[in-house]
Amino acid sequence: MSDSKVFAGGLFAVGLAFLAAFFLFTNGTVTEAAAAEDTAGPNMVITVAGKGDVVIDLRPDLAPQHVERIVELAESGAYDGVVFHRVLEGFMAQTGDVQFGKGDDLSRAGTGGSDLPDLPAEFTDAPYVRGAVGMARTNDPNSANSQFFIMFAPAEHLNGQYTVVGNVLEGMEVVDTITRGMPGSGIVETPDVMESVTIAQ
């Protein structure tokens, strides 16, 4: 498993502080997410401990292999107890490291995946709008595994560069309360936890 399994790979190392400031400046007050349509795909329900539920419409029509992976991990209970390890104000909240993102020692959170193989990219023209859900990867486009992120705000520079797997249907108000991390790195000192992640067909 790569030790750099982080969203956007090297992008975080060189430009997160700039990007976060840019999004806040250009977007001003974050607006409500465009109403996502509930498609024929399954819904993923994330219960954020102490905060509430987030319902995500998964899109196998856009990314069949990635959605299949998310469903497999959720149904096995692998996502239960995983933290939101990297959260950037005005940008996104990242979670899903089933290898290092749970338990008492979170020092390597964000560097792992699952024991399943990495996935080939399934890039589409689906936009990264507020409430969009995408798969994290390293600089290698074919390195997504288990980690995913939820957008607080639009990020056009991600379009066509990261696999979109769904959109938030309900609970953006819960997403908005996820504890933010340090400016620049986004690393969260006391992160919120996905208490349970289930799939509703």
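Figured I'd write up the structure that's included with this text. Every chain's residues receive numbers from 1 upward, in the order its sequence appears when written. Selection of residues for local features in this predicted model requires a pLDDT of at least 70, selection of side-chain atom pairs for listing and counting requires 80 or more, and totals for whole chains, interfaces and linings are taken over all residues. Side-chain measures here rest on the full set of heavy atoms in the structure, leaving out hydrogens and waters.

**Considering the packing of aromatic side chains**
For any pair of aromatic rings, the description consists of the separation of the ring centres together with the inter-plane angle of the planes.
Argument step 1. Only centres within 6.5 Å qualify two rings of Phe, Tyr or Trp (six-membered ring in Trp) as a pair; their planes then separate them into stacked at under 30 degrees, edge-to-face at over 60, and tilted for everything else. Taken as a whole and assessed by the stated rule, the structure comprises three aromatic pairs.
Argument step 2. Ring geometry for Tyr128 and Phe149: centres 5.7 Å apart, planes at 20°, overall stacked. Here the residue Tyr128 occupies a position in the loop between strand S5 (92-95) and strand S6 (132-135), and Phe149 occupies one in strand S7 (residues 148-151), the gap between them amounting to 21 residues.
Argument step 3. Burial here depends on accessible area, computed with a 1.4 Å probe over protein chains only, as a share of the maximum for the residue type. Under 20% is buried, over 50% is exposed, and the range in between is partly exposed. With a relative accessible area of 0%, Phe149 lands in the buried category.
Argument step 4. Ring plane angle 85° and centroid distance 6.3 Å describe the contact between Phe149 and Tyr162, whose orientation is recorded as edge-to-face. Secondary structure is summarised from DSSP: a helix means a run of H or I of at least four residues, a strand means a run of E of at least two, and numbering begins at the N terminus for each.

**A short note on the sheet that holds strand S4 (residues 86-88)**
Argument step 1. Judged by pairing direction, the sheet is antiparallel, and its nine strands sit side by side in the order S3-S9-S1-S2-S8-S6-S7-S5-S4 without closing on themselves. Edge positions in the open sheet fall to strand S3 (82-83) and S4, since each of these has one partner strand only.
Argument step 2. With six bridges joining them, strand S1 (residues 43-48) and strand S2 (residues 52-58) adopt antiparallel strand pairing. From the neighbouring strand, Val45 faces S2, where its bridge partner is Val55.
Argument step 3. Contacts are assigned to residue pairs with any non-hydrogen atoms lying within 4.5 Å of each other. Axis definition: a line fit to C-alpha positions, over the contact stretch in the case of helices; interaxial angles, taken between N-to-C directions, run 0 to 180 degrees. Each of S1, S2, S6, strand S8 (164-170) and strand S9 (193-200) is contacted by helix H2 (residues 64-76), which is oriented at about 115° to S9, the strand it contacts most. Strands pair, by our definition, only if DSSP identifies at least two bridges between them.

**Comments concerning the nonpolar core**
Argument step 1. Put simply, buried Ala, Val, Leu, Ile, Met, Phe, Trp, Tyr and Cys residues joined by side-chain atoms within 4.5 Å make one nonpolar core. Formed by 35 residues in total, the largest nonpolar core has its most connected members in Met44, Ile46, Ile56 and Tyr79.
Argument step 2. Contributions of two or more residues to this core are made by S1, S2, H2, S6, S7, S8, helix H3 (172-175) and S9.
Argument step 3. The biggest single contributor to this core is H2, with five residues.
Argument step 4. Once you skip the residues sitting within four places of it in the chain, Tyr79 turns out to touch Ile70, Leu73, Ala74, Gly96, Val98, Ser146, Phe148, Met194 and Val197.
Argument step 5. The next biggest cluster of nonpolar side chains, apart from the first, holds 14 residues, and it includes Leu88, Met92, Ala126 and Tyr128.

**Structural notes on the environment of Met92**
Argument step 1. Position of Met92 relative to the elements: it lies in strand S5.
Argument step 2. As for Met92 and Val133, which are separated by 41 residues in sequence, their C-alpha atoms are 9.3 Å apart.

**Structural notes on H2**
For an α-helix, 3.6 residues make a turn, and residues three or four places apart therefore share a direction.
Argument step 1. Its 13 residues give H2 an end-to-end C-alpha distance of 18 Å, which sits within 8% of 18 Å, the value for a rise of 1.5 Å per residue.
Argument step 2. Taken together, the buried positions of H2 are occupied by His66, Val67, Arg69, Ile70, Val71, Leu73 and Ala74.
Argument step 3. On its buried face, H2 is in contact with S1, S2, S6, S8 and S9.
Argument step 4. Directly beyond the C-terminal end of H2, a positive phi value near 85° is found at Gly77. One fewer than the residue count of a helix, multiplied by 1.5 Å, yields its expected span.

**A closer look at the pairing of S5**
Argument step 1. Side chains Met92 and Gln94 of S5 all project onto a buried face; the interleaved residues Ala93 and Thr95 project onto the opposite face, where all are buried too.
Argument step 2. Between the end of S4 and the start of S5, which pair antiparallel, lie three residues, with Gly90 showing a positive phi angle near 75°.
Argument step 3. Direction of pairing for S5 relative to S7: antiparallel, over a ladder of four bridges. Bridge pairing links Ala93 to Ile150 in S7.

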